[in-house]
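Observations on the three-dimensional arrangement
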Amino acid sequence: MTAAHPATPATAKRRLPPGALKAYIASLTGTSLEYYDFAIYSVASALVFPKIFFPGNNEFVGLLLSFSAFAVGYLARPIGGVIFGRLGDKIGRKQVLVATLMLIGAATVLIGVLPDYSVIGVAAPILLVLLRLAQGIGVGGEWGGAVLLSSEFGNASKRGFWSSAAQIGPPAGNLMANGVLALLAATLTNTEFLSWGWRVAFLASALLVVFGLLIRLKLEETPVFKAIQAHGEAPKAPIKEVFTKEPRALVAAALSRVCPDVLYALFTVFVAVYATKELGMTTGNVLGAILIGSAFQLGLIPAAGALTDRFNRRLVYGIAAAGTAVYIPLFFLMIQGRSVLMLTIGVVIGLAFHAFMYGPQAAYITEQFPARLRYAGSSLAYTLAGVIGGAVAPLIFTALYAATGNWYLIAGYLLLASVVTVVGLALGRNPQTQEEERLLQEARA
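To keep things clear, this report deals only with the structure shown in the data block. (Residues numbered from 1 in each chain as written. Predicted model: local features only at pLDDT ≥ 70, side-chain atom pairs only at ≥ 80, totals over all residues. Heavy atoms only, no water.)

1. Focus on the overall build of the protein chain
Note the following rule: Here a helix means four or more residues in a row that DSSP labels H or I, a strand means two or more in a row labelled E, and each is numbered from the N terminus. The globule rule used here is 2.2 Å times the number of residues to the 0.38 power, and the radius of gyration it is set against is calculated over C-alpha atoms. Throughout, exposure labels follow a simple rule: accessible area from a 1.4 Å probe, protein chains only, divided by the maximum for the residue type, with under 20% read as buried, over 50% as exposed, and the rest as partly exposed. Contacts are assigned to residue pairs that have any heavy atoms within 4.5 Å of one another. Each accessible area is a Shrake-Rupley estimate made with a 1.4 Å probe; only the visible protein chains count as cover when residues are assessed.
Check the secondary structure of the protein chain and you find 22 helices and zero strands. Its C-alpha atoms give the protein chain a radius of gyration of 21 Å, within 12% of the compact-globule value 22 Å for 445 residues. C-alpha extents for the protein chain along the principal axes are approximately 70 × 45 × 45 Å. Counting across all 445 residues of the protein chain, residues that qualify as buried make up 57%. Long-range pairs, those at least 24 residues apart, make up 86% of the contacts in the protein chain with a sequence separation of at least 6. On the protein chain, roughly 16,900 Å² of surface is accessible, and the fraction owed to carbon and sulfur atoms is 70%.

2. A short note on empty space enclosed by the protein
For the record, the criterion: Here a cavity means grid points, on a 1 Å grid over the protein atoms only, where a 1.4 Å probe fits yet cannot get out; a pocket means an open set of points with protein on both sides within 12 Å along at least five of seven lines; lining residues are those with an atom within 4 Å of a point. Grid points are joined across faces, edges and corners, and a volume is the space filled by probe spheres set on the points. The classification used treats Ala, Val, Leu, Ile, Met, Phe, Trp, Tyr, Cys and Pro as nonpolar, Asp, Glu, Lys and Arg as charged, and all other residues, Gly among them, as polar.
Within this structure, the stated rule accounts for two cavities of 30 Å³ or more. The space that makes up the largest cavity amounts to roughly 250 Å³. Around the largest cavity sit 20 residues that line it, and Tyr35, Tyr74, Arg77, Pro170 and Tyr264 are the ones nearest its centre. Ranked by residue count, the leading element in the lining of the largest cavity is helix H15 (residues 258–277), at six residues. Here the residues of the lining of the largest cavity sort into 13 nonpolar, four polar and three charged. Taken as a whole, the second largest cavity spans an internal volume of roughly 30 Å³. Ser42, Val43, Ala46, Leu47, Asn178, Thr268, Val269, Ala272, Leu287 and Ile290 together form the lining of the second largest cavity. Only helix H2 (20–47), H15 and helix H16 (283–310) provide two or more residues apiece to the lining of the second largest cavity.

3. Notes on H2
The criterion, for reference: The span expected for a helix works out to 1.5 Å for each residue beyond the first.
Look at H2: 40 Å from first C-alpha to last across 28 residues, which is about the 40 Å you get at 1.5 Å a residue. Burial analysis of H2 places 24 of its 28 residues in the buried class, the great majority of the element.

4. So, the environment of Lys226
The topology assignment puts Lys226 in helix H12 (residues 223–230). Residue Lys226 is classed as partly exposed on the basis of its relative accessible area of 40%. Sequence-wise, Lys226 and Gly92 are 134 residues apart; in three dimensions their C-alpha atoms are separated by 8.3 Å. Not counting the four nearest positions on each side in its chain, Lys226 is found in contact with Glu220 and Glu221.

5. Describing helix H10 (residues 190–203)
As a reminder of what qualifies: Bend at a residue means the angle formed by two fitted axes: the first through the 7 residues ending at that position, the second through the 7 residues beginning there.
Helix length check: H10, at 14 residues, gives a terminal C-alpha distance of 19 Å against a target of 20 Å (1.5 Å per residue), a fit within 8%. At Trp196, H10 is deflected by roughly 50 degrees, the largest bend along its length. Restricting attention to buried positions, one finds in H10 the residues Phe193, Leu194, Gly197, Trp198, Arg199, Ala201 and Phe202. Tucked into the core, H10 has its buried residues touching H2, helix H3 (49–52), helix H6 (93–112), helix H9 (159–187) and helix H11 (205–217).

6. Some details on the packing of aromatic side chains
Defined as follows: Pairing of aromatic rings covers Phe, Tyr and the six-membered ring of Trp, with a centre-to-centre limit of 6.5 Å; geometry is then stacked below 30 degrees between planes, edge-to-face above 60, and tilted otherwise.
Throughout the structure, instances matching the rule amount to 22 aromatic pairs. Between Tyr274 and Phe332, the ring centres sit 5.3 Å apart and the planes meet at 85 degrees, which makes this aromatic pair edge-to-face. Taken as a pair, Tyr274 in helix H15 and Phe332 in helix H17 (residues 313–334) lie far apart in primary sequence, 58 residues in all. When the centroid spacing of 5.6 Å and the interplanar angle of 65 degrees are considered together, the rings of Tyr274 and Tyr401 count as edge-to-face. Residue Tyr274 is found in helix H15, and its partner Tyr401 is found in helix H20 (residues 393–404); the two are separated by 127 residues along the sequence. The pair formed by Tyr274 and Tyr401 is uniform in burial state, with each residue classed as buried. Taken together through their ring pairs, the aromatic side chains of Phe267, Phe270, Tyr274, Tyr327, Phe331, Phe332, Phe353, Phe397, Tyr401, Trp407, Tyr408 and Tyr413 make up a single cluster.

7. Quick word on the packing of H9 against H16
For the record, the criterion: What counts as an axis is a line fitted to C-alpha atoms, over the stretch in contact for a helix, and the angles between N-to-C directions run from 0 to 180 degrees. The labels follow the angle: roughly parallel below 35 degrees, roughly antiparallel above 145, roughly perpendicular from 65 to 115, and oblique for the rest.
At a closest axis distance of 8 Å, the pairing of H9 and H16 adopts a crossing angle of 175 degrees. Considering the angle they form, H9 stands roughly antiparallel to H16. Tallied by class, the residues present in the contact of H9 with H16 amount to 15 nonpolar, 10 polar and two charged.

And the structure:
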């Protein structure tokens, strides 16, 4: 018995699949950089764009127009899911991930140099929407590949943890984006920030994209995809096969995303509007709260993913969705006293609920599909859900708030989103790792 103990560390070390750690880091850093680009647009859509790209006499009209442009990024994601999801299952994960990074980076830099409405008139919002469209297409193809990059190098029985690499990207990107914008807002006057300060955050993404490309270009293709190619199992028409052979998996995976998407939009976009306009807080107060909440998510997301490797994934996910419905009314009651501390605590707790859905989400979605259709199926589920979830959420929040002047219907909206997600989890299946384990064993043989 005692003789076995000295070998335990070495045995544990050997169990780490070759290339897994490198792929985890590449997935995390790549999506962090891409979601930095996406996040600065999200914040700017609430605080900047209504004033410089959609000016007008009615403040809420400008805000609704800005959030409509924000929604375009989500509406474009299925296009990216179809284009890049198909390519990812046919030519591989790595090449697609390089293309998506370049697309999002170019679109973001161009937004940073785009003249505003006062300079080129109506052409400004039109070009903004087109660039947002390009961002959305890139993100639509990015997520599925980033998830597969880390999970297909990792241990299939620990997919919750390995897949969480890509899930850390949004809060990490959001943390960087809000940090840059908070710094600019704190050091510049409001006039300077609206005039040129916000552009610095967009232009800075050029350096981040170069860094991300250097990492991704050095990666190898995933072992699972190599095995699929070696056995001639790559699909000829992956999109068609997903719709014809895996409709239940597609619906289950898509519905599971709705509550996390809507919840994230509430705490990273609409809260900025509500806290500044209704509660009289400063932009710095709100951005600070979001920064702290995002920082906590960096640890909570992989922890949540790992937790669902030990306990039933759908159960943990479902508890977080149900908890969200209960928590939202409490959050709004907490912040009515206009306390910055209570706002910060409220956002941290809200994003923690999000983390316990978002952490295992990548694993849950990908394991609904067979390996040969995983890129297309995951990308379609992820992007189609975004259309009914995150795309319209800021618009619905704003419309409900403008119509009623209170938060009651917003809480009801989150309740509905929670129910939809629980239905998606009920339709789904538990992890089935036999196929992937077989492919990985054959790839490493």
